[in-house]
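Structural features, examined
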There are 2 protein chains.
Amino acid sequence: MTRRITAKDIAMQAGVSRSAVSRAFTKGASVKPETRTRILDVAENLGYRPNAIARSLIKQETDLVAVVTGSEDNIYDMYFFDRLALRLQHEGKWGLLVRAERDEDISKKLGEALMYPVQAAIVRAGTVNTTIVEQCQRLKVPLIFTGPCPVAGADSVWCDNEEGARLAVDTLIQRGCRKIAYLGGDIRMLSENSRRKGFFDAMKTFGLEPFAVLDGDFYHADGYSNGVQLLTARDVPDGIFCANDAAAMGVLDAAKQVSNLRVPEQLAVIGFDNIPMAAWPSFDLTTIDNPIDLTTQAVADTLKKRLDAPGLPEMSVAITPKLVLRGSA
Amino acid sequence: MTRRITAKDIAMQAGVSRSAVSRAFTKGASVKPETRTRILDVAENLGYRPNAIARSLIKQETDLVAVVTGSEDNIYDMYFFDRLALRLQHEGKWGLLVRAERDEDISKKLGEALMYPVQAAIVRAGTVNTTIVEQCQRLKVPLIFTGPCPVAGADSVWCDNEEGARLAVDTLIQRGCRKIAYLGGDIRMLSENSRRKGFFDAMKTFGLEPFAVLDGDFYHADGYSNGVQLLTARDVPDGIFCANDAAAMGVLDAAKQVSNLRVPEQLAVIGFDNIPMAAWPSFDLTTIDNPIDLTTQAVADTLKKRLDAPGLPEMSVAITPKLVLRGSA
DNA sequence: TTGTAAGCGTTATCAG
DNA sequence: CTGATAACGCTTACAA
């Protein structure tokens, strides 16, 4: 790779000093208009742009934000990060992508990435991860947790999963369901735990015992096999709340293939997250919307506040999920 | 945000010079073992790590690779970028996320991002985009195109979409289909054009006229409405090749809802990409696999070669798609 | 094995 | 309005 064009090159070509070049690129700096034009012309010609790395060295700050996750094959998370990247760019930040193989490797990977002086780290971890909080505190990097649950020592933006689960149970009850099963996700995940808790609490409110409680892993295949198990038994549930949409879709597939139950009349199914596929006619899934736009907006707001006032106490923003009523319940 | 710990701090604490600190962090540098240990200890204590930005300034290179896309709501692309991020990290690179709102804004967004001296830019653009190639050439940033189609002036790793379309037609013909329709995607997209071309070529080989050709936009809803249109007509096709999986799933949903056609006996459907959902029982979609691992591997290889030998002539790697036979054809 | 000093490309300060 | 000069935090000759 040939050498990158520097301000020195432009200065020589334009017959000015390096400082002049710098000023030409600084909004509001005092440069004679014609000088600026000449400099910008030369720069355009040679394909120059100020080196953000050198700039950040002297300015003592970058536009970089570490965006880190360990999750894989989670459709919701992929959409989330996509939208988050857009939002960050709107705020003039650039996302430094940190992708761990597994949740447990998150803090290790982030540790390596922190060679780059990022403004902050936005982390979406499924499991409890105190290491990463300690690490960021030690390195004085503001940490924003996104997703399931607040963690002490970091800012957080979290979906009120318990409330979402309650919404789901309410809806099933209103539908007339009384034999309500819970099809959970990976029990190591924070979101699973709060959704499960919300489910149990809500059931208790109605004086109902869960018809069945199954562990799973949030995947479609898992929802399918658990669905088969539930629906081929002698006694079947009349309502199933699933810990996420993929699993719920698996259940719906199972219902179609191994049972004659009519959905939603004989079997109501509710998911969680509201991924775009939930709206597809083959699923037409009633689900609890985990609002991506609200969440990324809240992350951006939190980030801004944190950067403006590093001394602020911990912030924790709860996002309230909403019911999206479709054909499955 | 408090000041980041620097080598100077460590040097003072450890009672050595700044160079010693640098050496302690440089593999194979000549430092007395105990000195190194002491330095590393202090560093660990104070939470120091070398500033990658200052380092890259002197080293004249970064570990950054711009990873840029304009696509939205494309499940395949999301998976692709997720895997690409992992692959890059394995190669010791960090992805700088560049996300344009629309395909046409890609070169503008990348232009802004290039303030950061990245090693290369990996671009996934759906449409022809010569601006971005010129821009990267002017700035001497190696550019690797991924996806549909090679572009002159940049390296490229591309799926042989024409071959994939041929595979699809072959399969439908073998199935006994003779009234074969094509449900295309957005005609501005490169992938659409080559898939369409492959379809027409293959049909010609068999001496068949397309039963119908519809334009679309690659989305499920579009596949659905086009499917409804096709399948509620007096004369219906016996085979449909769709330009991607989401559209194919839409067609399958339409077939279920508005027709009594048995799949695959009376109606065979083939998609393209092989996103994970294609394997879900509700779809069980026969499709053309657009191999993510092969592609990201090829991108990483191309990147390595390009960085090792900047003078090398343009590289263009074709990835051959494979048929994945499931229940829909 | 260690320290000193120069320099990477920028911006900020301060004279002119 | 402009140009010299000093930083920013690091690596790397070179000298000790």
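Residues numbered from 1 in each chain as written. Chains lettered and ligands numbered in written order. Predicted model: local features only at pLDDT ≥ 70, side-chain atom pairs only at ≥ 80, totals over all residues. Heavy atoms only, no water.

With that settled, the discussion passes to unusual backbone geometry. Residue and element names in this part refer to chain A. Here the residue pair valine 263 and proline 264 is connected by a cis peptide bond, since its omega of 5 degrees sits within 30 degrees of zero. Mapping proline 264 onto the fold places it in the loop between helix 11 (245-258) and strand 9 (268-273). You will see that lysine 140, though not glycine, has its phi angle at about 60 degrees, which is positive. Inspection of the secondary structure puts lysine 140 in the loop between helix 7 (130-138) and strand 4 (143-147). Accessibility expressed as a relative area gives 36% for lysine 140, which makes it partly exposed. Although it is not a glycine, phenylalanine 218 sits at a positive phi angle of roughly 80 degrees. Its place among the elements puts phenylalanine 218 in the loop between strand 7 (212-214) and helix 10 (220-231). (Helix = DSSP H or I, 4+ residues; strand = E, 2+ residues; numbered from the N terminus. Buried < 20%, exposed > 50% of the residue type's maximum accessible area, 1.4 Å probe, protein only.)

Take the nonpolar core next. Core analysis: the largest hydrophobic core is formed by 86 residues, its most contacted members being Ile240 and Met277 of chain A together with Ile240 and Met277 of chain B. Apart from the residues lying within four places of it in its own chain, the contact partners of methionine 277 of chain B are Ile75 and Met277 of chain A together with Ile75, Tyr79, Met249 and Phe283 of chain B. Leu96 and Phe145 of chain A together with Leu64 and Leu139 of chain B belong to the second largest nonpolar core, which has 54 residues in total. (Core = buried A, V, L, I, M, F, W, Y, C linked by side-chain atoms within 4.5 Å. Contact = heavy atoms within 4.5 Å.)

Once that is clear, we can look at the protein's contact with DNA strand C. Taken together, 25 residues lie around DNA strand C, and Ala7 and Ser22 of chain A together with Ser19, Lys32 and Thr35 of chain B are the ones closest in. Counting only the atoms of DNA strand C that lie within 4 Å of the protein, the sugar and phosphate share comes to 58%. A distance of 3.0 Å is found between a phosphate oxygen of DNA strand C and a side-chain nitrogen or oxygen belonging to tyrosine 48 of chain A. Contact distances for DNA strand C include 2.8 Å between a phosphate oxygen and a side-chain N or O atom of arginine 55 of chain A. Looking at which element gives the most residues to the surface near DNA strand C, the answer is helix 4 (residues 52-59) of chain A, with four residues. Classifying every residue of the surface near DNA strand C by side-chain character gives 10 nonpolar, nine polar and six charged. (Near = heavy atom within 4 Å. Polar contact = N/O pair within 3.5 Å; in protein donor to acceptor, adjacent residues only side chain to side chain. Nonpolar A, V, L, I, M, F, W, Y, C, P; charged D, E, K, R; others polar.)

Moving on: the interface of chain A and chain B. With 69 residues of chain A in contact, the opposing surface of chain B contributes 69 residues. Across the salt bridge formed by arginine 83 of chain B and glutamate 72 of chain A, the nearest N and O atoms sit 3.9 Å from each other. For the pair chain A and chain B, the interface holds 24 residue pairs in polar contact (both at pLDDT 80 or more). Of all the elements in the fold, those that place two or more residues in the side of chain A that touches chain B are helix 3 (33-46), helix 4, helix 5 (75-90), strand 2 (94-99), helix 6 (106-113), helix 7, helix 10 and helix 11 of chain A. The element best represented in the side of chain A that touches chain B is helix 5 of chain A, accounting for nine residues. Considered class by class, the residues forming the side of chain A that touches chain B number 35 nonpolar, 16 polar and 18 charged. Sheet topology note: the strand 2 of chain A/strand 2 (residues 94-99) of chain B ladder contains three bridges and is antiparallel. Bridge assignment links leucine 97 of chain A to a residue of strand 2 of chain B, and that residue is glycine 95 of chain B. (Salt bridge = Lys/Arg side-chain N within 4 Å of Asp/Glu carboxyl O. Pairing = 2+ DSSP bridges.)

Next up on the list: helix 12 (residues 292-308) of chain B. Residues and elements named next belong to chain B. Taking 1.5 Å of rise per residue, 17 residues should cover 24 Å, and helix 12 covers 24 Å from first to last C-alpha, within 8% of that figure. The complete set of buried residues in helix 12 reads Ile292, Thr295, Thr296, Ala298, Val299, Ala300, Thr302, Leu303 and Arg306. Turning to helix 12, the residues buried within the fold contact strand 1 (64-69), helix 5 (75-90), strand 3 (120-124), strand 4 (143-147), strand 5 (155-159) and strand 11 (316-319). (Expected span 1.5 Å × (residues − 1).)

Turning our attention to the environment of threonine 6 of chain A. If you trace the backbone, threonine 6 of chain A turns up in the segment before helix 1 (7-14). Measuring from C-alpha to C-alpha, the distance between threonine 6 of chain A and proline 50 of chain A comes to 7.3 Å, with 44 residues separating the pair along the chain.

Once that is clear, we can look at the sheet that holds strand 1 of chain B. Here 12 strands make up an open sheet; going across it, the order is 11(A)-5(A)-4(A)-3(A)-1(A)-2(A)-2(B)-1(B)-3(B)-4(B)-5(B)-11(B) and the pairing mixed. For this open sheet the edge positions go to strand 11 (316-319) of chain A together with strand 11 of chain B, each flanked by a neighbour on one side alone. Along the sheet, successive strands turn relative to each other by an average axial angle of 20 degrees, direction set aside. Here strand 4 of chain B runs beside strand 5 of chain B; their pairing, made up of four bridges, is parallel. (Axes fitted to C-alpha atoms, helices over the stretch in contact; angles between N-to-C directions.)

We now examine the protein's contact with DNA strand D. In the vicinity of DNA strand D lie 25 residues, with Arg23, Lys32 and Thr35 of chain A together with Ala7 and Arg55 of chain B positioned nearest. The sugar-phosphate backbone supplies 61% of the atoms of DNA strand D found within 4 Å of the protein. Between a base oxygen of DNA strand D and a main-chain N or O atom of isoleucine 58 of chain A, the distance comes to 3.4 Å. Take asparagine 51 of chain B: an N or O atom from its main chain is 3.1 Å from a phosphate oxygen of DNA strand D.

Looking now at the sheet that holds strand 6 (residues 180-183) of chain A. All names here are of chain A. Taken together, six strands build an open sheet; the order of strands is 7-6-8-9-10-12 and the sheet is mixed. Every other strand in the sheet has two partners, leaving strand 7 and strand 12 (322-324) as the edge strands with one partner each. Here the average twist between neighbouring strands, direction ignored, is 20 degrees. Taken together, the three bridges between strand 10 (residues 286-289) and strand 12 define a ladder with antiparallel strand orientation.

Attention shifts here to the domain arrangement of chain A. Structurally, chain A comprises domain 1 (7-50), domain 2 (64-159 + 292-320) and domain 3 (161-289). Each of domain 1 of chain A and domain 2 of chain A has a C-alpha centre, and these two points are 37 Å apart. (Domains from an automatic or database assignment.)

Moving on: the side chain of threonine 287 of chain A. All names here are of chain A. Relative to the elements of secondary structure, threonine 287 occurs in strand 10. At a separation of 3.0 Å, a polar atom in the side chain of threonine 287 contacts the main-chain amide nitrogen of phenylalanine 272. Those residues within four positions of threonine 287 in sequence are excluded, and the remaining contacts are Asp245, Ile270, Gly271, Phe272, Asp273, Asn274, Ala278, Lys322, Leu323, Val324 and Arg326.

Residue and element names in this part refer to chain A. Contact geometry of helix 8 (residues 161-174) with helix 9 (residues 190-205) gives a least axis separation of 7 Å together with a crossing angle of 45 degrees. On the basis of the axis angle, helix 8 is oblique to helix 9. Handedness of the crossing formed by helix 8 with helix 9: right-handed. Where helix 8 approaches helix 9, its residues Asn161, Glu162, Ala165, Arg166 and Val169 are matched on the opposing element by Ser191, Ser194, Arg195, Lys197, Gly198, Phe199, Asp201, Ala202 and Met203. (Parallel < 35°, antiparallel > 145°, perpendicular 65-115°, else oblique. Left-handed = near helix turned anticlockwise from the far one by under 90°.)

You can see arginine 99 of chain B is positioned in strand 2. Polar side-chain contacts of arginine 99 of chain B include one of 2.6 Å to the side chain of aspartate 82 of chain A.

Another aspect to go through is the packing of helix 1 (residues 7-14) of chain B against helix 3 (residues 33-46) of chain B. All names here are of chain B. Where helix 1 contacts helix 3, the two axes come as close as 9 Å, and the packing angle between them is 120 degrees. The orientation of helix 1 relative to helix 3 falls into the category oblique. The chirality of how helix 1 crosses helix 3 is right-handed. Facing Ile10, Gln13 and Ala14 of helix 1, the residues of helix 3 in contact are Arg38, Ile39, Val42, Ala43 and Leu46. Here the contact of helix 1 with helix 3 is built from residues that sort into six nonpolar, one polar and one charged.

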